[in-house]
Amino acid sequence: MPIHDPCALLNRLLQEPNESAWLEFKVNNKDPREIGEYVSALANSAMLASRDRAFLVFGVEDHTKKRVGTELRLQQLKQGNEDFTNWLSRMIEPRVLVEVLDFSCDGLAYSVIAIEPSYERPVKFSGTEFVRIGENKKKLAEFPEHERALWIATGRRRFETAVATSNASTEDVFALLDPDPMFDLTGEPRPKSQEEVIRKMADRGFVLDNLEGRFDITNLGAIMLARDVTAFPSIAGKAVRIVKYVGRDKSRSDFEQEGKKGYAVGFTGMMKFLMERLPKDERYIEGVRRMVPHFPETAIREVIANALIHQDFMATGVGPVVEIYDNRVEISNPGNSLINTDRMLDERRSRNEKLAATMRSFGLCEERGGGLDKTLIEIEAEHLPAPDFISSENSMRVVLFAPKSFSQMSKAEKMRACFFHCVLRWLTHDYMSNATLRERFSLPAEEYQAVSTIIAESIKLGRIAPADPDQGRRNARYVPYWAV
């Protein structure tokens, strides 16, 4: 986030009540090593304070905040025969973005160093980590609780909080972002003033006050509210792409459509577009003939939302894809699954927590952890084949299958349905039995033996286990293998 208006930045920093963990005022300190230690201390303290930048300002008295100017010209300063800025960047580890600027305001000279914290590990200067404790600069090793907290904080860096576009005016923000979903999807009344709408955006982390009278748009704001995602290079390829093929393979496509809007802006329209193009069957519902999609809308919505939320945004050039075939729909996203595919329903972990929370608050997906559960429940209610979760090194794919009778299912499909049915029963603090699995497959009681064969094979392959090792065959109950 480069400094665009240093005088506006200075005015804003002087509005702070006093110096803080991320802000230090000096007048004339020409010792490069002392400055380097402050850069380390401010970077680390900014991370602990959840600030995007820290500032070391020369030309202001620290206690009075009086503007006195400085004789220091950082861009002309030397350490030995080396330029100060080059030397400083070499002495700082890991490499962080440090901007050094000399400028004048109202006839007085100032210098400023703007430091972005490291999201990898605590920042060292000349091999030592520093931190601000109160008004003092200290070695981090002397404060183990701060050191532990800093290591935790550096692991929390998320794509969502990074800046997609910097130094945007109020008009730029509204030209690039559509704020309507913040109110239309939540039922919250829309403020009358642009300033209050911007404040609401800032509360949600969509924009940041850049302290220069303008705003930085975060990746979270861009991916949720973009009028056109291609206006933001960091998310340009992250809209949903829908491809429909003729038949059951990729040999011939019917159409391809790539979204341009942010997720909150375009999700409802994307779902309508998709549901209209899914394969359908003719059914009589309450005496009326209707064309019904092969796949429940809830299941499609939750799997797509899951792909959006759990994608790896650092994988450039690829985004979520929905592929429609005659007999299935495949939803894929960049980034492998963080969870073993056998534990998709009972374990919770997300790459993009802020995005997930925002999607939930906008009603675009189920409450935390409930989406895939609901997907499986809907699929079982329709007696459809169980979905397949396929995680590879660089992607995650979920396959939803069109209606298929028990006799048409392969052995693998029957086993998969058995396993996930067992998981769903366990999640409701209940057990799978021959009777519940027959109901899941929509089979009559006389098909008891066919279901028993599936259960026996699932036990043999270690997919499920008896709830009680001493139970008899009559009224036997089962749990997932990992629940034993």
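Thresholds applied
- Numbering of residues starts from 1 in every chain and runs along the sequence as written.
- Under the rules for a predicted model, residues below a pLDDT of 70 receive no local features and side-chain atom pairs below 80 are neither given nor counted, while totals for whole chains, interfaces and linings still include all residues.
- The basis for every side-chain value is the complete set of heavy atoms in the structure, and neither hydrogens nor water enter the calculation.
- Each helix corresponds to a stretch of at least 4 residues labelled H or I by DSSP, and each strand to a stretch of at least 2 residues labelled E; elements are numbered beginning at the N terminus.
- Burial classification: accessible surface area is computed with a 1.4 Å probe over protein chains only, and a residue below 20% of its type maximum counts as buried, one above 50% as exposed, and the rest as partly exposed.
- Residue contacts are counted whenever heavy atoms from the two residues lie within 4.5 Å of one another.
- In this description, strands pair whenever DSSP reports at least two bridges between them.
- To get an axis, fit a line to the C-alpha atoms, keeping to the stretch in contact for a helix; angles then go from 0 to 180 degrees between the N-to-C directions.
- Side-chain atoms within 4.5 Å link the members of a nonpolar core, which is a set of buried Ala, Val, Leu, Ile, Met, Phe, Trp, Tyr and Cys residues.
- For a helix, the expected span equals 1.5 Å multiplied by the residue count minus one.

## Thoughts on the side chain of Arg440
Then, number 1: With respect to the helices, strands and loops of the structure, Arg440 is situated in helix H14 (residues 434-440).
Then, number 2: Residue class for Arg440 comes out buried when judged on its relative accessible area of 3%.
Then, number 3: In this structure Arg440 touches Ile379, Glu380, His383, Leu384, Pro385, Ala386, Ala417 and His421, once residues within four positions along its chain are discounted.

## Some remarks on the sheet that holds strand S21 (residues 395-401)
Then, number 1: In spatial order, the strands read S15-S14-S18-S19-S21-S20; together these six strands make up an open sheet with mixed pairing. The open sheet is flanked by strand S15 (253-258) and strand S20 (388-391), the only strands paired with a single partner. Strand after strand, the sheet turns through a mean of 15 degrees between neighbouring axes, direction not considered.
Then, number 2: Inspection of the sheet shows S20 paired to S21 by four bridges, in the antiparallel sense. What sits directly across from Phe389, in S21, is Val398.
Then, number 3: Against the sheet, helix H9 (residues 263-277) contacts strand S14 (241-245), S15 and strand S18 (321-324), and its axis sits at roughly 5 degrees relative to S14.

## Overview of the sheet that holds strand S12 (residues 207-209)
Then, number 1: One open sheet accounts for three strands, arranged S11-S13-S12; its pairing is antiparallel. A single partner strand is all that each edge strand has here, and the edge strands are strand S11 (163-168) and S12. Neighbour-to-neighbour, the strand axes of this sheet turn through a mean angle of 20 degrees, independent of strand direction.
Then, number 2: Two strands pair when backbone bridges link them, and S11 and strand S13 (residues 215-218) are joined in this way by three bridges, in the antiparallel orientation. Its bridge partner being in S13, Thr165 is matched across the sheet by Ile217.

## Here we look at the nonpolar core
Then, number 1: Within the largest apolar cluster, 88 residues are counted, with the highest numbers of intra-cluster contacts made by Met201, Met224, Ile300, Ile304, Val322 and Met359.
Then, number 2: If you look at the next biggest cluster of nonpolar residues, it comprises 43 residues, including Leu13, Leu23, Ala46 and Met91.

## As for helix H10 (residues 297-310)
Then, number 1: Helix length check: H10, at 14 residues, gives a terminal C-alpha distance of 20 Å against a target of 20 Å (1.5 Å per residue), a fit within 8%.
Then, number 2: Looking at H10, one finds that the buried residues are Thr298, Ala299, Ile300, Glu302, Val303, Ile304, Ala305, Ala307, Leu308 and Ile309.

## Overview of the pairing of strand S19 (residues 328-334)
Then, number 1: Most of S19 sits inside the fold, with seven of its seven residues counted as buried.
Then, number 2: Residues Arg328, Glu330, Ser332 and Pro334 line one face of S19 and the alternating positions Val329, Ile331 and Asn333 line the opposite face, and both faces are buried.
Then, number 3: Two strands pair when backbone bridges link them, and S18 and S19 are joined in this way by four bridges, in the antiparallel orientation. When the bridges of S19 are listed, Val322 appears paired with Ile331.
Then, number 4: Between S18 and S19, which pair antiparallel one after the other, the connecting turn spans three residues.
Then, number 5: Alignment of S19 against S21, held across seven bridges, turns out to be antiparallel. Paired with Val329 across the bridge in S21 is Leu400.

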